[in-house]
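If you want the building blocks of each chain, they are given just below.
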Amino acid sequence: MKPFTRKSCFTLIELIISMGILMAVTGIVAMASKSFYDGYERSAKVTRRLKEYMAIDNLMDVHVRNLIPFEWKDDNGNSRFVFSGEEHKLHFTTLRRSYGKRAGSLIFIRVFVEENQLIAEYSTLPRLPWKEDDEENMPYEREVIAENVEEITFSYAEKATEDEDEDGTGISWKENWPEDEHAAPPLAIRMHLKWSDGTSEYWLRRVAGVAKDSTFGTRKTHDGNTQRFSNALEGGATGGGEAL
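The following paragraphs examine the structure supplied in this document. (Residues numbered from 1 in each chain as written. Predicted model: local features only at pLDDT ≥ 70, side-chain atom pairs only at ≥ 80, totals over all residues. Heavy atoms only, no water.)

Side note on the side chain of glutamate 201
Then step 1. The topology assignment puts glutamate 201 in strand β11 (residues 200-206).
Then step 2. In this structure, glutamate 201 is buried with no salt-bridge partner, the nearest side chain bearing the opposite charge being arginine 49 at 6.2 Å. (Helix = DSSP H or I, 4+ residues; strand = E, 2+ residues; numbered from the N terminus. Buried < 20%, exposed > 50% of the residue type's maximum accessible area, 1.4 Å probe, protein only. Lys, Arg positive; Asp, Glu negative; His and termini not counted. Salt bridge = Lys/Arg side-chain N within 4 Å of Asp/Glu carboxyl O.)

Following this line, the structure appears as structure tokens:
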């Protein structure tokens, strides 16, 4: 006669408890994974924005700060500044260091926003704002400076007249700067970027030749106005990416 053996098996309660423990462990792992992924995304976003800020700072420090009043003759033989300051687009000439047999020291640049990208286009050949449609033979080199940019707005500084100088700073800010209406490029350029996430930043730079005691092109002023203009710019660089 065979001895009676009792089969070992899980009861319903034991199965329910085991499944509950498994679900709890799975939930903890999922939450930890989500927290890690969210942290990584935040870190990656901050890193991308930091790189974009560095690229914008480089554009403003290297190129806008070295903007010069370069002239070129148009089809009628008139000398005109290679500069166009629009509200949402900037076209200018800047000076760079030239090494040996490399291309010349002048760079022609335009900056604008296209399809939510901040674009800077460069050319070592004379690119004229009044001939922007004639680009087949002299294409620009294009660089994407920043992504997710909703809008770019430029404003241009000029010494204020007595009627314009309401706040006593000696500065008047213009939304546009047509080169044929001014004797020289602006004294300073301020760039305002609006990002797609609703945030915004300002960058402000003086252009070449606008030190406290210098004169620029045909712009002549007495020491008092020059001092006031310099102090006003230095005092206006607050927050965001503004610096001089």
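Here we look at the pairing of strand β5 (residues 106-114)
Then step 1. Here strand β4 (residues 89-95) runs beside β5; their pairing, made up of seven bridges, is antiparallel. Within β5, the position partnered with threonine 94 by the bridge is isoleucine 107.
Then step 2. Pairing between β5 and strand β6 (residues 117-123): seven bridges, direction antiparallel. Bridge pairing links phenylalanine 108 to serine 123 in β6.
Then step 3. As consecutive antiparallel partners, β5 and β6 are separated by two residues, and within that stretch glutamate 115 has a phi angle of approximately 55 degrees, a positive value. (Pairing = 2+ DSSP bridges.)

A look at a nonpolar patch on the surface
Then step 1. On the surface, a nonpolar cluster with roughly 480 Å² of combined accessible area is contributed by Ile13, Ile17, Ile21, Val25 and Val29.
Then step 2. On the secondary structure map, isoleucine 13 appears in helix α1 (residues 12-64).
Then step 3. Taking the relative accessible area as the measure of exposure, isoleucine 13 reaches 60% and is therefore exposed. (Patch = residues over 30% accessible without salt bridge, like charges linked within 9 Å, V, L, I, M, F, W, Y side chains within 5 Å. Areas by Shrake-Rupley, 256 points an atom, 1.4 Å probe, with all protein chains shown as cover.)

Remarks on the packing of aromatic side chains
Then step 1. Summed over the entire model, instances satisfying the criterion amount to five aromatic pairs.
Then step 2. Measuring from centroid to centroid gives 6.3 Å for phenylalanine 83 and tyrosine 156, while their planes differ by 85 degrees, and the two rings are edge-to-face. Here phenylalanine 83 is found in the loop between β2 (79-81) and β3 (84-85), whereas its partner tyrosine 156 is found in strand β8 (residues 149-159), with 73 residues between them in sequence.
Then step 3. When its relative accessible area of 3% is taken as the criterion, phenylalanine 83 is described as buried.
Then step 4. Judged by relative accessible area, which is 0%, tyrosine 156 ranks as buried.
Then step 5. Members of the aromatic cluster, connected to one another through ring pairs, are Tyr53, Trp195 and Trp203.
Then step 6. Over the ring of phenylalanine 112 we find lysine 89, and its NZ or CZ is 5.4 Å from the ring centre.
Then step 7. Over the ring of tryptophan 173 we find arginine 190, and its NZ or CZ is 4.1 Å from the ring centre. (Phe/Tyr/Trp six-rings, centres within 6.5 Å; stacked < 30°, edge-to-face > 60°. Lys NZ or Arg CZ within 6 Å of the ring centre and 35° of its normal.)

Observations concerning the sheet that holds β5
Then step 1. Sheet architecture is open: five strands sit in the order β3-β4-β5-β6-β7, paired in antiparallel fashion. Every other strand in the sheet has two partners, leaving β3 and β7 (141-147) as the edge strands with one partner each.

What about a negative patch on the surface?
Then step 1. A cluster of acidic side chains, namely Glu162, Asp163, Glu166 and Asp167, defines a negative patch on the protein surface.
Then step 2. For aspartate 167, a relative accessible area of 56% puts it in the exposed group. (Charge placed at Lys NZ, Arg CZ, Asp CG, Glu CD.)

Note that all results are geometric; they support no functional claim without further evidence.
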